[in-house]
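# Reading the structure
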Amino acid sequence: MSAISVTQLSKRYRRSYAVDNVSFTVGAGEVVGFLGPNGAGKTTTLRMLAGLIRPSSGEARILGAGVPGPGLLQVGTMIEEPSFYPYLSGYDNLRYTTLLHGGVGEARIREVLAFVRMEAAADKKLSAYSQGMRQRLGLARALLWRPKVLLLDEPTNGLDPVGIAEIRENLRLVAQQGVTVLISSHILAEIEKLVERVLVIEKGRLLFDGPLHQLTRQLSATEITYELTATDETALHNALTGYGYEVTAAETGLSVQVPQGEADALLSRLAGDDVKVREARRKEESLESAYLRLVRQDSRPS
């Protein structure tokens, strides 16, 4: 049974679709990245999964139950910027939440605060918290009831690089406990370090659903990027431009994009023209550049 199941899900506002006929599943224990720029439909999809808004059409299911339904009792959410009472401390905000919903004692509150490294600030008022501290507290609140599914919307907003790395490690530990995590972000470099599978959404439509490595391989299939250094860099530059390639400066040497069918023959061609290449390195395409090319290739009308 899938932990999350979305079938032809749509949300329409007046004449436009925020989410347009999206379908996907997430297996138990998976950590899946939900990628797209601001306004792509990520938050709207997560809000429908959490039962906060109703879809215009289609169906969402959590742990086999329809949404809204009993499956939501086992879901932890952090959607949009977390809201808290500014005049209460971090601890008291969590305690008030547990008083409303029950089932969690003081020890668990302290446990989740320690888990997100907020124990030192637990007794400070929220009005003194930075945005990053609020984000950490929001994750702590999402974990209070030991959820089986986590729906996280941009959880690293406002965090410095150290904080981002800590949240990433927290999520790895959560996933090791069998929790399913669907995490949205537009910070692609962070998703790249956390997940093996991605969903890419743009203008409410799902453009890609599959393994991360497949996305980068699929989108780099038409061109190969080489970084080259040569004994005579001028001769190398003249040869490459003479072949009709666009050449840019690399960290060391020159960078050139070559059609895949010509990539294997490039070095032999340079050697035949007496250009002595000292080092040739194929550069793997990053998730960010792959995502941007995917969006550019999507020519469907909005």
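This write-up is about the structure you can find in this document. Because the structure is predicted, anything quoted here is derived from the model rather than measured.

## Overview of the pairing of strand β1 (residues 4-13)
Where β1 lies against strand β4 (residues 57-62), five bridges are found, and the strand directions are antiparallel. Bridge pairing links Ser-10 to Ser-57 in β4. Across seven bridges, β1 lies against strand β2 (residues 16-26) in antiparallel orientation. Pairing of Lys-11 across the sheet is with Val-19, part of β2.

## Topic: the layout of surface pockets
Estimates place the volume of the largest pocket at around 800 Å³. Among the elements of the structure, β6 (75-78), α2 (90-101) and α4 (131-143) are those that each provide at least two residues to the lining of the largest pocket. Top element by residues in the lining of the largest pocket is α2. It accounts for five residues.

## Regarding the pattern of salt bridges
Should their charged atoms come close, side chains of opposite charge can pair. By the definition in use, this model includes 14 salt bridges. The salt bridge partner of Glu-166 is Arg-117, with a shortest N-O separation of 3.7 Å. Taken together, the positions of Glu-166 in helix α5 (residues 161-176) and Arg-117 in the loop between α3 (106-115) and α4 put the pair 49 residues apart, joining distant regions of the chain. Relative accessible area serves as the criterion here: at 46%, Arg-117 is assigned to the partly exposed category. In this structure, the salt-bridge partner of Glu-169 is Arg-172, at a minimum N-O distance of 3.5 Å.

## Structural notes on empty space enclosed by the protein
For the coordinates displayed, the defined rule picks out one cavity of 30 Å³ or more. There is about 90 Å³ of room inside the largest cavity. Forming the boundary of the largest cavity are Pro-155, Thr-156, Ile-164, Arg-168, Leu-171, Ile-183, Ser-184, Ser-185, Glu-190, Ile-191 and Leu-194. Partitioned by chemical class, the residues of the lining of the largest cavity number six nonpolar, three polar and two charged.

## Focus: a nonpolar patch on the surface
A cluster of nonpolar side chains, contributed by Tyr-85, Tyr-87, Tyr-96, Leu-99 and Leu-100, occupies part of the molecular surface with about 550 Å² of accessible area. Note on placement: Tyr-96 falls in helix α2. Look at Tyr-96 and you get partly exposed, because its relative accessible area is 35%.

## What about the sheet that holds β4?
Reading across the sheet, the four strands line up as β2-β1-β4-β5 and stay open at both edges, with antiparallel pairing between neighbours. Across the chains shown, the open sheet's two edge strands, defined by having one partner strand only, are β2 and β5 (65-66).

## Some points on the environment of Ile-164
Relative to the helices and strands, Ile-164 is located in helix α5. Given the relative accessible area of 12%, Ile-164 is considered buried. In contact with Ile-164, not counting residues within four places along its chain, are Thr-156, Leu-159 and Glu-190.

Criteria and cut-off values
Residues numbered from 1 in each chain as written. Predicted model: local features only at pLDDT ≥ 70, side-chain atom pairs only at ≥ 80, totals over all residues. Heavy atoms only, no water. Pairing = 2+ DSSP bridges. Helix = DSSP H or I, 4+ residues; strand = E, 2+ residues; numbered from the N terminus. 1 Å grid on protein atoms, 1.4 Å probe; cavity = no way out; pocket = protein on both sides within 12 Å on 5 of 7 lines; lining within 4 Å. Points joined across faces, edges and corners; volume = space filled by probe spheres on them. Salt bridge = Lys/Arg side-chain N within 4 Å of Asp/Glu carboxyl O. Buried < 20%, exposed > 50% of the residue type's maximum accessible area, 1.4 Å probe, protein only. Nonpolar A, V, L, I, M, F, W, Y, C, P; charged D, E, K, R; others polar. Patch = residues over 30% accessible without salt bridge, like charges linked within 9 Å, V, L, I, M, F, W, Y side chains within 5 Å. Areas by Shrake-Rupley, 256 points an atom, 1.4 Å probe, with all protein chains shown as cover. Contact = heavy atoms within 4.5 Å.

Limitation: the analysis is restricted to geometry and does not speak to function.
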